[in-house]
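Structural description and commentary
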Amino acid sequence: MTEQWAEKVLLFCRSPARFLSASGTTADAVHAELLRELRDDRAQDHVKVLLLAPYCEHPLVLCPSVSVAEDSALELMSVFSQCSPKVFPLRCHLLVAVTSVLVCTDCVRRRSSAVQDVLELLLVIVQDTSELHSDGSSRSLRATACDCLREMEACCPGLLSQHLELLGALRQRESSRLHQAYTELYSLVLRNSVLQLAQDTGSGPEQLKALLEGDVCVASEVTQDSDLMNGKDVSALSSLVLGPMGAVPTLQTGPECKELRSILSSLLEDSYLLTSLAQSSLLQKLIELVAMVPGVSPSIFRAQLLRLLGTTEVSLLHTTLLMKSAFTDSLFSAEDEEFLLKRLVVLSQHPLLSTAEKLFYLDCLLHFPENRPIGSGDRDEVLPVLFTPQLATALVPTVFNDRVTMLTRFNLLSMVYVEDGEDEEGKGLAYLYEHLVALLGIVGNGGNRDTVSTFFRASFLFLSHFGHIENFSRHLIKRLCELYLDHTHLAPQLINLANETQSKLPDSNFTVALLQGFQRTITKVSLTNLKSQELTCHLRVLSRVAEERDIPQRPTLLFLSAVVVASASSPLGNWRLGNSILAVCRCLLTHPDLDSMLVTLADVLQHMSSSYRDTDIQDHSRLYYTLLTNLSKEKLAGVLERGTATEGDQVKKRSLSCIVAESEGQASILTIHRTKKDVLKLVELNATEPRQLPEDVKDSCGSVDAIVDYRSQFDGPEFASEVTVRYQLVHSEENQPGSPFDRLFSIRLHLSLTDDHYEALRDVSVPCLLRETPPPVISLKLRPRQPYPTTLNASAVFTTQDGLTWYSNLPNIEVSFQQTFCPVPVPPAWGPLRRLDLFNALWSEICGGSEEMVESAESLFCCGLDRGALEELLQRHLKTFVLEDDGGGGDWHEVRAMVFLPPLSHLLLKVRREEDAVTFDIATDNWRLLPHVNSFLQDITSSDTR
Amino acid sequence: MSIRALWIISLDKAENVSLRFSKRFSTVEHRAKLLGGKAYAPVPDEDVVLQLLMTELGLSDPEKSYVPLRDNCSHCPRSPALELHLSPRERDTLWPVLTVSQGPLILSCLPLVDAPTKPRPPLSSLLSVSKGLTLLSGLQAFLLSSGGKTDPEGLASRLALLPSVLLQICPLGTPLDVPILGSPATSAAVTPAGNQKQPAWKTGLHRGRAAVTVALTEVVRSMQYGNPYKQDLWDVYGTVTCKCEVEGVLPNVTVTLTLPPNGSPLQDILVHPCVTSVDSSILTATSVDGSDSSAFWGPYKFPFSPPLEPFRLCSYTSQVPVPPILGSYQLKNEDDCLHISATLKLHESVKNSFEYCEAHLPFFNRDQMSAVDVRVSYGQLDVNREKNLLVWIIGQKFSKSREISLEGKISFGGPVPGPRDPMCSGLTSYIKLYFKVPDLTLSGCSVDQHSVQVYSTAKAKIFTSRELQSKEYFIWNSTGSAPVSSGQMIL
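Cut-off values and rules
Residues numbered from 1 in each chain as written. Chains lettered and ligands numbered in written order. Predicted model: local features only at pLDDT ≥ 70, side-chain atom pairs only at ≥ 80, totals over all residues. Heavy atoms only, no water. Helix = DSSP H or I, 4+ residues; strand = E, 2+ residues; numbered from the N terminus. Buried < 20%, exposed > 50% of the residue type's maximum accessible area, 1.4 Å probe, protein only. Contact = heavy atoms within 4.5 Å. Lys, Arg positive; Asp, Glu negative; His and termini not counted. Charge placed at Lys NZ, Arg CZ, Asp CG, Glu CD. Areas by Shrake-Rupley, 256 points an atom, 1.4 Å probe, with all protein chains shown as cover. Patch = residues over 30% accessible without salt bridge, like charges linked within 9 Å, V, L, I, M, F, W, Y side chains within 5 Å. Salt bridge = Lys/Arg side-chain N within 4 Å of Asp/Glu carboxyl O. Domains from an automatic or database assignment. Pairing = 2+ DSSP bridges. Core = buried A, V, L, I, M, F, W, Y, C linked by side-chain atoms within 4.5 Å. Axes fitted to C-alpha atoms, helices over the stretch in contact; angles between N-to-C directions. pLDDT = per-residue confidence, 0-100. Buried area = accessible area lost by both parts, 1.4 Å probe. Polar contact = N/O pair within 3.5 Å; in protein donor to acceptor, adjacent residues only side chain to side chain. Expected span 1.5 Å × (residues − 1). Bend = angle between axes of the 7 residues up to and from the residue. Parallel < 35°, antiparallel > 145°, perpendicular 65-115°, else oblique. Left-handed = near helix turned anticlockwise from the far one by under 90°. Nonpolar A, V, L, I, M, F, W, Y, C, P; charged D, E, K, R; others polar.

Check the secondary structure of chain B and you find six helices and 22 strands. A total of 491 residues make up chain B; the buried ones form 56% of that total. Residue pairs in contact within chain B that sit at least 24 positions apart in sequence constitute 73% of those at least 6 positions apart. For chain B, the distance from the average site of its 45 positive side-chain charges to the average site of its 44 negative ones is 6 Å.

Written as structure tokens, this is what we have:
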């Protein structure tokens, strides 16, 4: 039993959506099942703890609306009150679950009534000190209640301002180790209350005094004043220590604010008694408080400073950085600043700290909060002024570092030497280069994948800082060429390095020199012992070389010529190799020096077209040969235009002539690109067509006949098995006019199911979507197996004007239960009376408890609605399904509605107004629909949606 | 301040990845949604997170040598905070994803960013980052508490305890503490009666005989090149570990470290958070500023109130004038074999009394050894079973002369290739020393039994000890190239 639940809960928590669709249930049903089990006295406590996990992790899935959340919170509270006071873990988990439900569903912000009850209960628990017998190792209920209150206050700042004094007294009184929970709660409420005062322009010392002394009037005024749904609320959630006092709201109190100062001193004094993690949170709040109240000097922290600077705990040392950033030279002298910086350097390489901590300190060095920052504003990495090359030597990268540390240090040191103006004579720079060569040596000796990628990253860093220093770059190119010759499988990495350096340093000639080096290396290679993989890599590099306009291509051409001659007779000459050769040829065809290569290139192509072993390659060689010999250079370039000239997202038209060349051009034409944003969306169309009912045939044949006639239609398997939902396909808001996606062609929409309640959907084709013309309408034909609500994943593949093919996700399509409603498919000739007959016949069959109707069920739904509201509701939601009866709707006695849900289900409703309530009598021949019917009715009758 | 989600992943030898535990903190996620506004990206399903995380850590697609997303050279992982791109859409990124990994475990969490996200705030402004790191390393220590060894059952049972552990230390996404390792020796769960507040980090009160144990361990590392152009390097760091069994809610204990007149000053001192006050003179000496400006030679006083469990009171580094063992190592290719000679010299200031002392001479990128003709002047020489390592067991003492040597020839021609190490190609090779010397510190630092003060009703028994250990103690072959390991060489 336990294992079953454990498995279920685990699956639910990992992915609620997948769990629901796989098990075919609804969130409502899971919620009901969980609650039932929680209320069951026979269930074991540890199972109940397990069952609370979904409420803690995914409260919004189980409680999608405020009303459901309130009900669940009250249910959980009743479980809480019924369980034995001794089962601490369960009771603690219950409090956490209730808090999660109320916070996440926004109940706390709305101060709903359940929240008031829960708050009261939590405040009672935190004041109840009778719980002394709790065993020290299990976390007590009181501490958990404090945590819950703190979380509510954190999500809804100001919630507990009225209780500030009470919480302060509780904190003072508590001497067991639980005082930490009270301190955390109190300090947060204090911080939020003072922040509210500070944001309120009229506040001064009197208000602060009143707040601290627990003057409830003022305190409640404070809470009333702040509009809880406005933007301030969110700003109160974020940290106030960001830069040198920048955006912190301040509370002018004058020098006299003894009360606050004594509270802060007492908190600081006790801070030692908290765990490091709690201590750092407390200190952060105190920093924020002092930053908001200029009447309290930051020197209040001085006594703690050495203890914090000497600590081995990362979170405590972090608070000194926060203080530095908030108070700069009003707390840290120039000497202190230098000391702190050295301390950071020590910590970034201390042998006893973990790698992650050291990396954190390295990052802090590059974002050091200086007393007098130069060029504030941008927060990108900047070296601190006091960070000398001397200090930096402690942080040089070595081959013994892990990859992230090595690269971080490499970057840092590169920045130091750039700043220091080192040239090729510089010792530091020489060290970095030697380190790079050492890495290269390790790669050359067969270093693993991690070392390889680290080496290329380090090379990129080195080149982006020092690529202009001729000596180093020339030597590096030499070493890279040697490396390539021994390890041709590194071709993708080397091409990537060439590409990235080119785009990072557009003015540098490094890339050209590097590629020319490769060309020299490759073209000297003897073909006799070459393996086919090596040859493919060589051709791949050469085709990249051929893209460079400034590199003479004669050696490449001679190499190609030799390869072609050699491959014609050897088994090497397969399609793949031919394709690689053609890729190089194609780049050569567009090269500006084509004139000088014309004859040799034509020879190569002609040779391939006549004697290459693969016919396909022969054909393509012939095409290139024909193009080369018949077109002018300009036309040839036009035909073969690679289209890689990209400007932003705008891509030029592409030609299909490159289809054989295994090049980037081909890749981008043949691959489907993913859009960065959603480009399209589907908008539901609500229009329902008016119905024209035929006149009734006078003699009604009685209800039994009606049902027989009606049923006989279902003999055909296809009958009435579809629901048609209509959508408009439009551009999404994220896709602003003027983008390349304004005109889309051959759109193919693919809709996939997230559960198995429906038959798979066919793709939908739309010829085009243009901004200037009305959006196309799409009819989705859903074929339900069970008419449940569902979610469809939608995606589209389409072509833009430049010939590229794109793939884009669309927002999910939610098919509601209501959307599966269809008018009952009676024969077209039937008039209102026959329909009524059918209704009555079905109703009595379902309610008659006939044995054939095992699936049927009745139910009742009541709610309070006035007459106007009810009429509006019927008009809006059920109009199509209401049966017109002889009474003609003038008398509001009873309205009957009959809904058909494909493929075979019916839902019958009798709606009556009685006294002050409205009752919906429900009958259906598919009892599984009842939870959905219930949600539907709740939905349309609840005040939220009306 | 808080974290949005926590993932624990295990990675087996075959690089198979599995998610062992995950937890989302919904209320923190709610805050993230409010704070993030339009830029809010929800945490996706676990399998998506797992896939992205593996790519970012360079662990995805282990069979492919180049994957653009993973290996692009312009994408440099530079901080402990990773960025996961949920989709090509710019705003769909999870940041800052923290990870720590050790052995088979990768722990990861997503801290809440409680600051405007544009421009991206520096990590130093987000307290949740350092708190997240602390939580992760605490959980890591808890999960691997069997001592870093892979112990699948122990790991599974500790993973099963995580929900109740998290209820105590991080009930709603705000880390309050790290898990306690093991149960403290004596934990009487009595709440104190007096006014003195009990520290939150103290799970109970000690009852019984008072005893304080202070253990000083120094670790020495070295890189010796035997090359006039490469400076030999060595450094020392020490830790002071305490176990205090003292009665009282907040008893005071003071431990004092002293140096002899010729000792090396202690630098880079880090203290445990239970130390109540730190003198500025203790903190000023650092190893990083080169100049030896500090004139402070101790005594180093550490007043503190101890937690129940053993803890590291403080740590330091020290620059000692000489390495304890100076070695030289030469390899030469002769005909078909490798000529090998090495000497080790124990410095006169070091006590000639080891708990153990061994020198390992591994050989990489070669076949197995086929013939070993090597003599040692002292100690005993073994060849390991795989025939790729010579183990020179020196034992408890060096010879009287304090200098010992090894010389001989090795041929490689065994049927099986030995292990590979791309760093040790050609003649690049090293000797690695393993030794431990009881009752010795290189810095000279010591804790006098009488200097430990305990302010408590009962008189406490005091135990002190010290020892020196080696770690990463390398002697490189001077006839081959050797990797550089420190920036001191630039100076």
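This next bit is on the overall build of chain A. Counting its regular elements, chain A contains 39 helices and 14 strands. In chain A, which comprises 946 residues, the share counted as buried stands at 56%. Accessible area of chain A: about 40300 Å², with a carbon and sulfur share of 51%.

The next subject is a negative patch on the surface. Taken together, the side chains of Asp423(A), Glu424(A), Glu425(A) and Glu470(A) define an acidic patch exposed on the protein surface. Secondary-structure assignment places Asp423(A) in the loop between α23 (403-419) and α24 (427-444).

The next subject is the domain arrangement of chain B. Partitioning chain B into domains gives domain 1 (3-173), domain 2 (211-321 + 442-467) and domain 3 (325-439). On a C-alpha basis, the centroid separation for the pair domain 1 of chain B and domain 3 of chain B is 43 Å.

The next subject is the pairing of strand β5 (residues 105-111) of chain B. Residue and element names in this part refer to chain B. Burial analysis of β5 places seven of its seven residues in the buried class, the great majority of the element. Burial along β5 is two-sided: the residues Leu 105, Leu 107, Cys 109 and Pro 111 and Ile 106, Ser 108 and Leu 110 are all buried. Where strand β1 (residues 3-11) lies against β5, seven bridges are found, and the strand directions are antiparallel. Each bridged residue has a counterpart across the sheet, and for Ile 8 the counterpart in β5 is Leu 107. Taken together, the five bridges between strand β4 (residues 93-102) and β5 define a ladder with antiparallel strand orientation. Residue Gln 102 lies in a different strand from β5, and its bridge partner there is Leu 105. Counted between consecutive antiparallel strands, the loop separating β4 from β5 contains two residues, among which Gly 103 sits at a positive phi close to 55°.

Between Pro902(A) and Pro903(A) the backbone carries a cis peptide bond, its omega angle lying at 5°. Within the secondary structure, Pro903(A) sits in the loop between β12 (894-901) and β13 (905-914). Look at the link from Trp95(B) to Pro96(B): it is a cis peptide, with omega at -5°. In this structure, Pro96(B) sits in strand β4. The phi angle at Asp61(B) is positive, at roughly 40°, despite the residue not being glycine.

The next thing to look at is the nonpolar core. Phe387(A) and Leu257(B) are the most contacted members of the largest nonpolar core, which totals 305 residues. It is helix α7 (residues 88-104) of chain A that provides the largest number of residues to this core, a total of 11 residues. Split by domain, this core shows at least three residues from each of two domains, domain 1 (3-173) and domain 2 (211-321 + 442-467) of chain B. Residues contacting Phe387(A), with those up to four places away along its chain left out, are Leu341(A), Val345(A), Leu365(A), Ala392(A), Leu395(A), Leu412(A) and Val416(A).

Residues and elements named next belong to chain A. Ordered in space as β11-β14-β13-β12, the four strands form an open sheet in which the pairing is antiparallel. Either end of the sheet is taken by a strand with one partner, and the two such strands are β11 (857-863) and β12. Strand-to-strand twist of the sheet, defined as the mean angle between neighbouring strand axes without regard to direction, takes the value 20°. In this fold helix α38 (residues 867-878) packs onto β12, β13 and β14 (917-924), with an angle of close to 165° to the strand it touches most, β13. Here helix α39 (residues 930-941) sits on the sheet and contacts β11, β13 and β14; the angle it forms with β11, its principal contact strand, is near 15°.

Residues and elements named next belong to chain A. With respect to the helices, strands and loops of the structure, Glu 422 is situated in the loop between α23 and α24. For the buried Glu 422, no salt bridge exists, and the shortest N-O distance to an oppositely charged side chain is 9.6 Å, to Lys 427. The contact partners of Glu 422, leaving out residues within four places of it in the chain, are Tyr 417, Lys 427, Gly 428, Leu 429 and Ile 469.

All right, on to the confidence of the model for chain B then. Residues and elements named next belong to chain B. Across chain B, the average pLDDT comes to 89, with 94% of residues at or above 70. Segment residues 184-188 is flagged for pLDDT under 50; beyond a separation of four residues in sequence, or across chains, it makes 12 contacts in the model. Both scores are given for the predicted complex: the pTM is 0.81, the ipTM 0.96.

Between chain A and chain B, the contact holds 128 residues from the first and 127 residues from the second. Where chain A abuts chain B, roughly 10800 Å² becomes buried across the two surfaces, and 60% of that area is made up of carbon and sulfur atoms. There are four salt bridges connecting chain A and chain B. Counting across the interface, chain A meets chain B through 39 residue pairs in polar contact (both at pLDDT 80 or more).

Residues and elements named next belong to chain B. Bridge count between strand β6 (residues 211-224) and strand β22 (residues 461-476): 13 bridges; the pairing is parallel. Bridged to Ser 222 within β22 is Tyr 473. With seven bridges joining them, strand β19 (residues 430-438) and β22 adopt antiparallel strand pairing. Bridge pairing in β22 links Pro 438 to Glu 467.

In this model, helix α5 (residues 152-169) of chain B (18 residues) spans 24 Å end to end at C-alpha, consistent with the 26 Å of a helix rising 1.5 Å per residue. Taking the largest bend as the criterion, α5(B) deviates by roughly 45°, centred on Leu162(B), and proline Pro163(B) comes between one and four positions later. Burial in α5(B) covers these residues: Gly154(B), Leu155(B), Arg158(B), Leu159(B), Leu162(B), Val165(B), Leu166(B), Leu167(B) and Ile169(B). Each element contacted by the buried residues of α5(B) is listed here: α7 of chain A together with β1, β2 (17-24), β5 and α4 (127-143) of chain B.

In this section: the packing of helix α27 (residues 491-504) of chain A against helix α28 (residues 510-523) of chain A. Residue and element names in this part refer to chain A. At a closest axis distance of 8 Å, the pairing of α27 and α28 adopts a crossing angle of 155°. As summarised for this structure, α27 and α28 are arranged roughly antiparallel, according to the angle between their axes. Relative to α28, α27 is oriented so that their crossing is left-handed. Contacts from Leu 494, Ala 498, Thr 501 and Gln 502 in α27 reach Phe 510, Thr 511, Leu 514, Leu 515 and Phe 518 in α28. Along the lines of polarity and charge, the residues of the contact of α27 with α28 split into six nonpolar, three polar and no charged.

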